[in-house]
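Descriptive structure summary
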Amino acid sequence: MLSLPAPAAAHHSFAMYDPATIIRLDGTVKDFQWTNPHVLLWVMGITKPGEAPLLWTIELPTSPGNLSRMGWTKHALSPGDRVVVELNPLRDGQHGGSFRKLTMQDTGQVWVVKLHDVPKAEAAK
Amino acid sequence: MRRLLVAWLMLAACAAPAAAAELPDWSGTWTPFIGDQMRRIKTDPVPWTPAAAAQIAAMAAEEKAGNPRGLFIDCLPEGMPSWMLISHNALEFLFSPGRVTLLGESDGNRLRRIYTDGRAHSTDPDPSFHGESIGHWEDGTLVVDTVGVLPQAYIAVSEAVGLPNNGDLHVIERLHLAGPDTLHDDLQIIAPHVLTKPWTTTRIYYRQRARKYEIVEGECLQGSFTPSTDKYGNAIFVPVPQVNGNPKPQ
């Protein structure tokens, strides 16, 4: 099956985020909200050395149900976790973005959201 | 379990005009083929009226410019026919005597009841987001006729582009297996106030049997709230400040 990159959003278009720009946010998880329609992540961090930390609101592009099927859980991230998040920023310059990738600074563990169609008829298990 | 199913199917056979033993197996969870949804917009173009097409073009330009309308940020149901057209979330079918029920994920209101007990449409159905659906079986194909949809329900081509049907919507669907684990919904959408002719298109769903695909509860509005505690120590939800349906950056 041809698997095209496709947003798995349940709720709204993600066009308010700029897909051509990737910002690297270095900081600490303040909150991780595991709710519909889109899971939310708040990180206090900096995007440039020497910058004063700011609270960023980061939207994951899909729901707890769909994220669970990609291996995420509600315990994937906790307040206090030191992280580096790659995000597509809001076009209007506010401190918000659409999630692309996260690396846990202490363990090196990487979290991504595979924006693809789910596999065709995955075997029962 | 199988014995129970057989007994249940026999019961269904007594109650429903369709011979229940001939009903296909649509068990499991069905996930939409999202890439194909997007391709179909080009291969099966929507026959918008000129006035509708102008509005659609403006909405598409706004989305491209980063100002999407967000048709569903109010968390009202996607309704018919948008649920079938653009959903990115899983659905399941429940067969019971005289009725097929569709349930969906990530929207607590996502529910369609399709009556297969031989009844006719009501003379004056109360309008609803999903309308009044009457179905019958033709050799494993569920043919569904839907009327009584609210004029405000969108005919959406994406979550940011689409128009209300504006009344007199009529949707005819033929749902059938196109392979052991592939389901097609062949739709004919008749919307005389926004389309110049019926729009004919297909949506594809894949069967998933792995437990991780089972439908989970999802309430659209829940993300607009965050857990908190009131002055008595009760666990409560409080609103998250939002802008255009998104959490407001601090």
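Here is what the cut-offs are and how they apply
- Residues numbered from 1 in each chain as written.
- Chains lettered and ligands numbered in written order.
- Predicted model: local features only at pLDDT ≥ 70, side-chain atom pairs only at ≥ 80, totals over all residues.
- Helix = DSSP H or I, 4+ residues; strand = E, 2+ residues; numbered from the N terminus.
- Buried ≥ 20, exposed ≤ 12 C-beta atoms within 10 Å, placed from the backbone.
- Contact = placed C-beta atoms within 7 Å.
- pLDDT = per-residue confidence, 0-100.
- Expected span 1.5 Å × (residues − 1).
- Arc of directions from axis to C-beta.
- Pairing = 2+ DSSP bridges.
- Core = buried A, V, L, I, M, F, W, Y, C linked by C-beta atoms within 7 Å.

What follows concerns the overall build of chain B. The helix and strand tally for chain B stands at four helices and 15 strands. Out of the 250 residues in chain B, the part that is buried amounts to 38%. Within chain B, residue pairs in contact and separated by at least 24 positions form 54% of the contacts whose partners lie at least 6 positions apart.

All right, on to the overall build of chain A then. Helices and strands together make up the secondary structure of chain A, namely one helix and six strands. Its helices and strands taken in sequence order, chain A reads β-β-β-α-β-β-β from the N to the C terminus. Considering only residue pairs separated by 6 or more positions, chain A has 62% of its internal contacts joining residues 24 or more positions apart.

The next thing to look at is the confidence of the model for chain B. Low-confidence regions, as indicated by low pLDDT, have predicted coordinates that should not be scrutinised in detail. Residues and elements named next belong to chain B. For chain B, the mean per-residue pLDDT works out to 89, and 88% of the residues sit at or above 70. Below pLDDT 50 for its whole length, residues 9-16 participates in 15 contacts with residues either more than four positions away or in separate chains. With pTM at 0.83, the complex prediction returns an ipTM value of 0.73.

Residues and elements named next belong to chain B. Its 15 residues give helix 3 (residues 50-64) an end-to-end C-alpha distance of 21 Å, which sits within 8% of 21 Å, the value for a rise of 1.5 Å per residue. Of the residues making up helix 3, those classed as buried are Ala52, Met59 and Glu63. Along helix 3, the residues classed as buried sweep out an arc of 40° about the axis, all on the same side. Turned more than 90 degrees away from the buried face of helix 3, the exposed residues are Pro50, Ala51, Ala54, Ala57, Ala58, Ala61 and Lys64. Packing partners of the buried residues in helix 3 comprise strand 8 (162-164). Just downstream of helix 3, glycine 66 is the residue with a positive phi angle, here 90°.

Attention shifts here to the pairing of strand 4 (residues 82-89) of chain A. Residue and element names in this part refer to chain A. One ladder, built from six bridges, connects strand 1 (residues 23-33) with strand 4; its direction is antiparallel. By the bridge assignment for strand 4, threonine 28 is matched with arginine 82. As defined by bridge partners, strand 4 adjoins strand 5 (residues 96-104) across seven bridges and the pair is classed as antiparallel. Bridging across to strand 5, glutamate 86 finds its partner in lysine 101.

Another point: the confidence of the model for chain A. Residues and elements named next belong to chain A. Per-residue pLDDT for chain A has a mean of 84; in total, 82% of the residues score no lower than 70. By mean pLDDT, the top-scoring element of chain A is strand 4 (97), and the lowest-scoring one is helix 1 (residues 64-68) (89). Note on residues 1-10: pLDDT under 50 across the span, and 36 contacts to partners over four residues away in sequence or across chains.

Once that is clear, we can look at the nonpolar core. With 35 residues, the main nonpolar core has B:Ala153, B:Tyr154, B:Ile155, B:Ala156, B:Ile189 and B:Val194 as its most contacted residues. Contact partners of B:Ala156, with chain neighbours within four places excluded, come to B:Leu71, B:Ser82, B:Leu85, B:Ile86, B:Val161 and B:Gly162. Among the nonpolar cores identified, the runner-up in size contains 19 residues, and A:Val39, A:Leu40, A:Ile58 and A:Leu77 belong to it.

A few words now on the pairing of strand 5 of chain A. Residue and element names in this part refer to chain A. Pairing of strand 3 (residues 54-59) with strand 5, which is carried by three bridges, proceeds in the parallel orientation. Within strand 5, the position partnered with threonine 57 by the bridge is glycine 96. Turn length for the strand 4-strand 5 hairpin, with the two strands adjacent in sequence and antiparallel, is six residues, and the turn residue glycine 93 shows positive phi of about 90°. Summarising the sheet, strand 5 and strand 6 (residues 110-112) pair through three bridges and their orientation is antiparallel. Bridge pairing in strand 6 links lysine 101 to valine 112. Turn length for the strand 5-strand 6 hairpin, with the two strands adjacent in sequence and antiparallel, is five residues, and the turn residue glycine 108 shows positive phi of about 80°.

A word on the environment of B:Lys212. Among the structural elements, B:Lys212 can be located in the loop between strand 11 (199-208) and strand 12 (225-229). Since 15 C-beta atoms lie within 10 Å of it, B:Lys212 is described here as partly exposed. Contact partners of B:Lys212, with chain neighbours within four places excluded, come to A:Ser68 and A:Arg69.

What follows covers the environment of A:Val85. All names here are of chain A. Note on placement: valine 85 falls in strand 4. For valine 85, a count of 24 C-beta atoms within 10 Å corresponds to the buried category. Here valine 85 is in contact with Leu25, Val43, Ile58, Phe99 and Leu102, once residues within four sequence places are set aside.

Moving on, we come to unusual backbone geometry. The residue after A:Asn36, namely A:Pro37, is reached through a cis peptide bond having omega -5°. In the Ramachandran plot, B:Asp139 falls in the positive-phi region, its phi being about 50° despite a non-glycine side chain. Along the polypeptide, B:Asp139 turns up in the loop between strand 5 (132-138) and strand 6 (141-147).

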